[in-house]
Amino acid sequence: MSSRTTPNTSPNTSLPTELPPNAGRAAAGIAIVLVAQLMIVLDATVVNVALPRIDDDLGFGPASLSWVLNAYTLAFGGLLLLGGRLGDVFGRLKVFEAGLVVFTVGSALGGLAQTPGQLVAARTFQGVGAALAAPSVLALLTTSAPDEAARNRALALFGAVSSGGASIGLILGGLLTDIGSWRWTLFINVPIGLAVVLLAPRFVTETPRRPGRFDVVGALTATAGAVALVWTLIGTPEHGWTSARTLTGFAVGIALLALLARTELRHPHPLVQPHLVRNRNRVGALAVMALLLGANLSMFFLVVQYVQGVLGFGPLMAGVAFLPFSLGIFATSRVTPALIGRVGPRAMMLTGTGTLALSYAWLSTIGTTDTYLAAVFGPMALAGISSALTFMPVTVIVLSGVEPEHAGSASGLLQTTQQLGGAVGVGAIVSVYAAGAVPGQLVPGMAAAFLTSATFAAVAWVVTLVVVRTRRPAPAVQAPEELVEAVAAEAA
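So, the overall build of the protein
Working step 1: A count of helical and extended segments in the protein gives 20 helices and zero strands.
Working step 2: The burial tally for the protein puts 56% of its 492 residues in the buried class.
Working step 3: Of all intrachain contacts in the protein linking residues separated by at least 6 positions in sequence, the fraction that spans at least 24 positions is 83%.
Working step 4: When the accessible area of the protein is evaluated, it comes to approximately 19500 Å², of which 67% is carbon and sulfur surface.

Structure representation (structure tokens):
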């Protein structure tokens, strides 16, 4: 990191009197990394509003269509910790570039897909690339910044990109689908990915390497266990809960997760530090995050079907329809830091999970004769406010009391929980929807599905009440404050 310039001695400002010598290169490097982060965040939602068109074109079916989302999140979440470890050993920039190459190739293959299997495979490939690239983003931002002020600005921009990316993805996906084809929601990544890969070596500084061993078994069992559970859940409407397929799938998934736990306890360089999951409050907060992400991602899936299939919205207007949720998160997140200090994270989590359950129960009343303003706008705005009340305190609890050298592992564990919890939740709730679906109709099955989402939020409320014991204002967080805000923004 370059030496800092002499600060202005004026009492009203601490801005430097001149820019560091490498400020231009650093600014370009930060911009390049943020573009990559935006692309990764966008891809979690950009195809959502295109799902009905994808179903019409490739013929997925009500339950299997969720694999367009889950293939990405399962690969992303299951390999995220391994991607972070690879960056430590081989260098963050090198692994970041490799991940973007894989992500870009997967995007091109997805745009060219002609069958459901090809699209799901391409989305899996994208998830693998994102898992390699995403863990390096924060490290590359901080090492590219020439001074502390630039570092703080970069982290603030990271939070803005992460929290706003979901909304941008929905609107961009709708626009591309409306004026072109659902395939362009994937093709758009190709020129952006190629540009970032070509420019990054010129403007982004590599990080020091930290040689060590890889916990490949842990990464594979985490991914395979989650895949087995989601595959089993999605098949239950067709095969039944007591069929040999269902029981075998659950048994395999549980066995793989048990193998994951055994591996992490014995491996010298585990992906998940065992001491991080021995803290009662942290485990409870992680469970709450998994439940809420499952409920929220399922809402995205179901509301897209409703506003396009029942209300007649086009893809672009379907993306705009989610703005109450995004704006609710954005507005509430401005006050959550102050609230944590005043009432503590537990009270905020109880309030957020309780009102989120109410918002999904409200959505369960939608019908074929309702309007957007009457049936969707209110509960979605409430869901956004509730989510913002919950995400920040969960992040604070997960990162509280973590030694600085383990802050990256703790944040990686939180991000992995978000991705895998979202995938398993979507699998469970969409299977409930498919079980009640009527051919040619969209509303049957949605009431039960939204009530299942409400149940997820209600269980999160119970977990908070019974497991989380942080009653006082938020404890001191040893991880950097910017990291807390950045991870919370990404969750939102």
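With respect to the confidence of the model for the protein
Working step 1: Per-residue confidence for the protein gives a mean pLDDT of 82, with 86% of residues at or over 70.
Working step 2: Looking across the protein, the model is least confident in helix α20 (residues 481–491), with a mean pLDDT of 56, and most confident in helix α16 (residues 345–363), with 95.
Working step 3: Note on residues 1–17: pLDDT under 50 across the span, and 18 contacts to partners over four residues away in sequence or across chains.

Some points on the nonpolar core
Working step 1: Counting 125 residues, the largest nonpolar core has Ile54, Phe96, Leu119, Met299 and Phe450 as the members making the most contacts within it.
Working step 2: Not counting chain neighbours up to four residues away, the residues in contact with Ile54 comprise Val47, Gly59, Phe60, Leu65, Val68, Leu119 and Trp182.
Working step 3: Core analysis: the next-biggest nonpolar cluster, separate from the first, contains five residues, Ile340, Met348, Met392 and Val396 among them.

Observations regarding helix α3 (residues 67–90)
Working step 1: A rise of 1.5 Å per residue sets the reference length of α3, with its 24 residues, at 34 Å; its end C-alpha atoms lie 32 Å apart and thus fit the reference within 8%.
Working step 2: Along α3, the sharpest kink reaches roughly 50 degrees, centred on Leu80.
Working step 3: With 23 of 24 residues buried, α3 is to be regarded as a mostly interior element.
Working step 4: Positioned one or two residues after α3, Gly91 has a phi angle of 105 degrees, which is positive.

What to know about the packing of aromatic side chains
Working step 1: Tallying each qualifying case throughout the model produces six aromatic pairs.
Working step 2: With a centroid separation of 5.7 Å and 65 degrees between ring planes, the pair formed by Tyr72 and Phe76 is classed as edge-to-face. On the criterion of helical spacing, the pair formed by Tyr72 and Phe76 is a turn pair, its members being four residues apart in helix α3.
Working step 3: Taking the relative accessible area as the measure of exposure, Tyr72 reaches 1% and is therefore buried.
Working step 4: Relative accessible area serves as the criterion here: at 6%, Phe76 is assigned to the buried category.
Working step 5: Aromatic pair Phe313 and Tyr372: ring centres 5.8 Å apart, planes at 45 degrees, arrangement tilted. You can see Phe313 sitting in the loop between α12 (280–309) and α13 (315–320) and its partner Tyr372 sitting in helix α17 (residues 372–399), a full 59 residues away along the chain.
Working step 6: Connected via pairs of aromatic rings, a cluster forms that spans Phe300, Phe322 and Phe325.
Working step 7: Seen from the ring of Trp231, Arg245 lies directly overhead, with NZ or CZ sitting 3.7 Å from the centre.
Working step 8: One residue, Arg334, lies across the ring of Phe330, its end atom 4.6 Å from the ring centre.

Here's the deal with the packing of helix α14 (residues 323–333) against α17
Working step 1: α17 packs onto α14 with a crossing angle of 35 degrees between their chain directions and a minimal axis gap of 7 Å. Crossing handedness for the pair α14 and α17: right-handed. Across from Pro324, Phe325, Gly328, Ile329, Thr332 and Ser333 in α14, the residues of α17 making contact are Tyr372, Phe377, Met380, Ala381, Ala383, Gly384, Ile385, Ser387, Ala388 and Leu389.
Working step 2: Here the residues of the contact of α14 with α17 are counted per class, giving eleven nonpolar, five polar and no charged.

Focus: the side chain of Gln308
Working step 1: As for its position among the elements, Gln308 is in helix α12.
Working step 2: Apart from residues lying up to four places away in sequence, Gln308 is in contact with Val49, Pro52, Phe313, Gly314, Pro315 and Ala318.

Focus on the pattern of salt bridges
Working step 1: All chains considered together, the criterion is met by three salt bridges.
Working step 2: One salt bridge connects Arg53 with Asp178, and the closest N-O pair in it is separated by 4.0 Å. In this pair, Arg53 sits in helix α2 (residues 51–58) while Asp178 sits in helix α7 (residues 148–179), placing the two residues 125 residues apart along the sequence.
Working step 3: According to the relative accessible area criterion, Arg53 is partly exposed, its value standing at 34%.

What counts as what
- Residues numbered from 1 in each chain as written.
- Predicted model: local features only at pLDDT ≥ 70, side-chain atom pairs only at ≥ 80, totals over all residues.
- Heavy atoms only, no water.
- Helix = DSSP H or I, 4+ residues; strand = E, 2+ residues; numbered from the N terminus.
- Buried < 20%, exposed > 50% of the residue type's maximum accessible area, 1.4 Å probe, protein only.
- Contact = heavy atoms within 4.5 Å.
- Areas by Shrake-Rupley, 256 points an atom, 1.4 Å probe, with all protein chains shown as cover.
- pLDDT = per-residue confidence, 0-100.
- Core = buried A, V, L, I, M, F, W, Y, C linked by side-chain atoms within 4.5 Å.
- Expected span 1.5 Å × (residues − 1).
- Bend = angle between axes of the 7 residues up to and from the residue.
- Phe/Tyr/Trp six-rings, centres within 6.5 Å; stacked < 30°, edge-to-face > 60°.
- Lys NZ or Arg CZ within 6 Å of the ring centre and 35° of its normal.
- Axes fitted to C-alpha atoms, helices over the stretch in contact; angles between N-to-C directions.
- Left-handed = near helix turned anticlockwise from the far one by under 90°.
- Nonpolar A, V, L, I, M, F, W, Y, C, P; charged D, E, K, R; others polar.
- Salt bridge = Lys/Arg side-chain N within 4 Å of Asp/Glu carboxyl O.

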